[in-house]
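Working through the structure, step by step
One-letter residues, chain by chain:
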Amino acid sequence: MKPTLVASLTLCALSSLIIGAAAQDAPVDLVKVGAKTYDTNCAPCHGDKLVSSGIAFDLKRLREDERPRFDNSVTNGKNAMPSWRGIIKEKDLDALWAYIRANAYP
Amino acid sequence: MRIFRLMTIAGFAASCFTCAASAQTAADLVASQKSTKEILTYGMGYNAQRYSSLTQINRKNVKNLTAAWAYGLSDQLGLEAQPLVHDGVIYITNHNRTAAVDGVTGKELWRHNIDYPSETTRVVCCGIVNRGSALYEGKLIRGTLDNYILALDAKTGKEIWKTKIADIASGYSITGAPLIANGVIITGVAGAEFGIRGFLAGLDPATGKEIWRTYTIPAKGEKGSETWEGDSAATGGGSTWVTGSYDPELNLVFWGISNPAPWNPRGRKGDNLYTCGIMALDPKTGAIKWFSQTDPHDAFDHDGVNALVQADIKVNGEAKKVVMQAHRDGFLYVLERATGKFLAVNPFVEMNWASGWDYKTNRPMWTDVYTKALAGEKVEVWPSLTGGTNWHPMSYSPKENLLFINTFNVGMNYQAGDPEKVTAGQRAQFVDLTPIKPANMGYLKAVDPTTGKAKWEIPFKVANTAGTMNTASGLVFTGQLTGEFIAVNSSNGKILWKFQTQSGIIGQPITWEKDGVQYVTIGSGIGGVYAMRTAAAEVTHVPTGSALWTFKLQGK
């Protein structure tokens, strides 16, 4: 995982400019990196492959303009949603957001 | 109240007069196994059989079972806890609340709230839950997700003491119920997915002071450390997240030890002691009396913490005092309590990673599924990491010599790539997994302990992740993830009664009596890792929200 992660994080840094504007068209690799981070850290509560049981928030519900809400909740936590400060870095947030937006409800 | 209490435990009056000021002495806890009024321990008695001699509710009249009350816990995250009952008061816990409720009316007597730091749940691998509490000398004792053991005044809910036993930053959390054995509070910890070094701790109930700590992973140079590759033991897992059981005659506590960390086995060659096995300890000192490993060098998160149920049964025609475990790995283990000797090991579900048990070497007979997995190849494994069953406890009928087990019928495609290093406090798995889900993802089975064979089984589309409980009147009670609380005929598996609760059931049923009325109590409130992760698609129409329900016969 490490070599790929480093490689894709570099990629992620390069492509970060276009993420905010058009998440749907995010480069495939960034979505893949996000999927892996999601699978390790988020899936136990939010569901395999973003399929939510409704117990924790359904992340596919996040709208395109909710990136600030996303960043805030992941960094600071909310009720039983843990704070990921110091663990999930800015670049991981970009990748996670890309993965979530690529699978969001229309 | 005092007089009533003395009456209800008249059978053990002798032991109680000597300690008039304090309820729930060590002797009371031993005796409560036979009591129909008091549920003082996790497992409904030290043998953890979850069997009651009550017969007012029986196969004929169970159709008239009706809700007496429901008590809401104002929470969305799931209710796994086994309630306790003392003097007609029910004690219930979840991740952020402890409450005392009048067992007859359902009215709240007190509640105590817990605020844990917001980073806590990051290291909670498997559901934001709590599985229960313990009662001792007027104190209600429980663990918290952020690793405190709390003692509350059972009458008022006021905090008496609070002891921190581990750090969330290092990956630890507590979700299990404490066990009080021979006057010592014993607690386990969770966190084998986060590179902890597992342990059990013994605390003094009077002060909360830690008396002993027994690590499940040897330190460098200690015996057993040679069963780990390099320095992999330091973050070797071996958590103790499900409550064990206690044999007061042998003065032994039995506790299941979880999987090694990380799940990927390829960077920790060796047997990985003392993970994936059953440990017997002296409750006063924490000294290990025996350890019987079920899965040396586990590769599949076949975490060995399942309920440890004691019984006196015949094995190959010989009377034996045994401890039984329906294990995540798919085997039903029957061990001699005094020695830890493997007496009978048979599959109770579909399994393919081992073909049987070798009684000479005391090791599984591994198949090529296991050897290929170690070589990094992609394999299909049964049962999956979810296991043949999981934390949700089975029950045992001494009358019928049957175990009632909610099993999983879920496999996985598995591949362990190149191993990576574990960082304590960070999630470490390093395997690729996809669940294989047949049409029926689980069964309720009535299993013969010495053969593993089912006398009957009921298929369920969505597997049950609730405990089972059974009565002398031949009823088995359990709950479905889709919310139905059910009563089943213990001899043929016919569902005799069903009640749709407001959410999914992942709790542990109990039965008890007061003033000549038999009650059945169960928590409903969907949650836990199986519902959140694996079966998410199957339960999207099950509402969240937790409530404790109590039932009795109509007209009682």
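This is a predicted model, so every value here is computed, not measured.

**Points about the nonpolar core**
All names here are of chain B. Counting 44 residues, the largest nonpolar core has Tyr91, Ile165 and Ile186 as the members making the most contacts within it. The element best represented in this core is strand β13 (residues 199-203), accounting for four residues. Listed in part, the 34 residues of the second largest apolar core include Leu65, Val85, Leu475 and Ala547.

**Notes on the packing of aromatic side chains**
Residue and element names in this part refer to chain B. This model, assessed by the stated rule, comprises 28 aromatic pairs over all chains. Ring geometry for Trp512 versus Tyr519: centroids 4.6 Å apart, planes at 20°, classification stacked. For Trp512, a relative accessible area of 0% puts it in the buried group. We classify Tyr519 as buried; its relative accessible area is 4%. Members of the aromatic cluster, each reached through a chain of ring pairs, are Phe477, Phe485, Trp497, Phe499, Trp549 and Phe551. Here the basic side chain of Arg50 rests over the ring of Tyr42, its NZ or CZ set 4.8 Å away from the ring centre. Residue placement shows Arg213 over the ring face of Phe199; its charged tip is 3.9 Å from the ring centre.

**Looking at the state of the cysteines**
Two cysteines, two sulfur atoms, one covalent bond between them: this is a disulfide. Across all of its chains, the model carries one disulfide over all chains by this definition. The disulfide partner of Cys125 of chain B is Cys126 of chain B, and the gap between their sulfur atoms is 2.2 Å. Across the S-S bond of Cys125 of chain B and Cys126 of chain B the torsion is about -110°, and the bridge reads as left-handed. No disulfide involves Cys42 of chain A; its sulfur sits 8.8 Å from the nearest other cysteine sulfur, which is in Cys45 of chain A. Cys125 of chain B provides the cysteine sulfur closest to Cys276 of chain B, a residue in no disulfide bond, and the two sulfurs are 14 Å apart. For Cys276 of chain B, a relative accessible area of 0% translates into the label buried.

**Structural notes on the pattern of salt bridges**
Tallied over the full model, the rule gives 26 salt bridges over all chains. Here Arg533 of chain B and Asp39 of chain A are joined by a salt bridge, their closest N and O atoms 3.4 Å apart. With Arg533 of chain B in helix α5 (residues 528-534) and Asp39 of chain A in helix α2 (residues 28-41), the pair connects residues from two separate chains. Taking the relative accessible area as the measure of exposure, Arg533 of chain B reaches 13% and is therefore buried. Put simply, Arg69 of chain A and Glu66 of chain A hold a salt bridge, and the shortest N to O gap is 3.1 Å. Exposure remark for Arg69 of chain A: the relative accessible area of 36% places this residue in the partly exposed category.

**A word on the interface of chain A and chain B**
Taken together, the 25 residues of chain A in the interface contact 27 residues of chain B. Between chain A and chain B, the buried area comes to about 2100 Å², and carbon and sulfur atoms account for 58% of it. On inspection of chain A and its partner chain B, the count reaches two salt bridges. When the shortest N-O distance is used, the salt bridge between Arg533 of chain B and Asp48 of chain A registers 2.9 Å. Summed over the shared surface of chain A and chain B, the number is five residue pairs in polar contact (both at pLDDT 80 or more). Those elements that provide at least two residues to the side of chain A that touches chain B are α2 and α3 (43-46) of chain A. Sorting elements by how many residues they give to the side of chain A that touches chain B places α3 of chain A first, with four residues.

The rules behind the values
Residues numbered from 1 in each chain as written. Chains lettered and ligands numbered in written order. Predicted model: local features only at pLDDT ≥ 70, side-chain atom pairs only at ≥ 80, totals over all residues. Heavy atoms only, no water. Core = buried A, V, L, I, M, F, W, Y, C linked by side-chain atoms within 4.5 Å. Buried < 20%, exposed > 50% of the residue type's maximum accessible area, 1.4 Å probe, protein only. Helix = DSSP H or I, 4+ residues; strand = E, 2+ residues; numbered from the N terminus. Phe/Tyr/Trp six-rings, centres within 6.5 Å; stacked < 30°, edge-to-face > 60°. Lys NZ or Arg CZ within 6 Å of the ring centre and 35° of its normal. Disulfide = S-S within 2.5 Å. Salt bridge = Lys/Arg side-chain N within 4 Å of Asp/Glu carboxyl O. Contact = heavy atoms within 4.5 Å. Buried area = accessible area lost by both parts, 1.4 Å probe. Polar contact = N/O pair within 3.5 Å; in protein donor to acceptor, adjacent residues only side chain to side chain.

So far we have only geometry, and geometry alone does not tell us how the molecule works.
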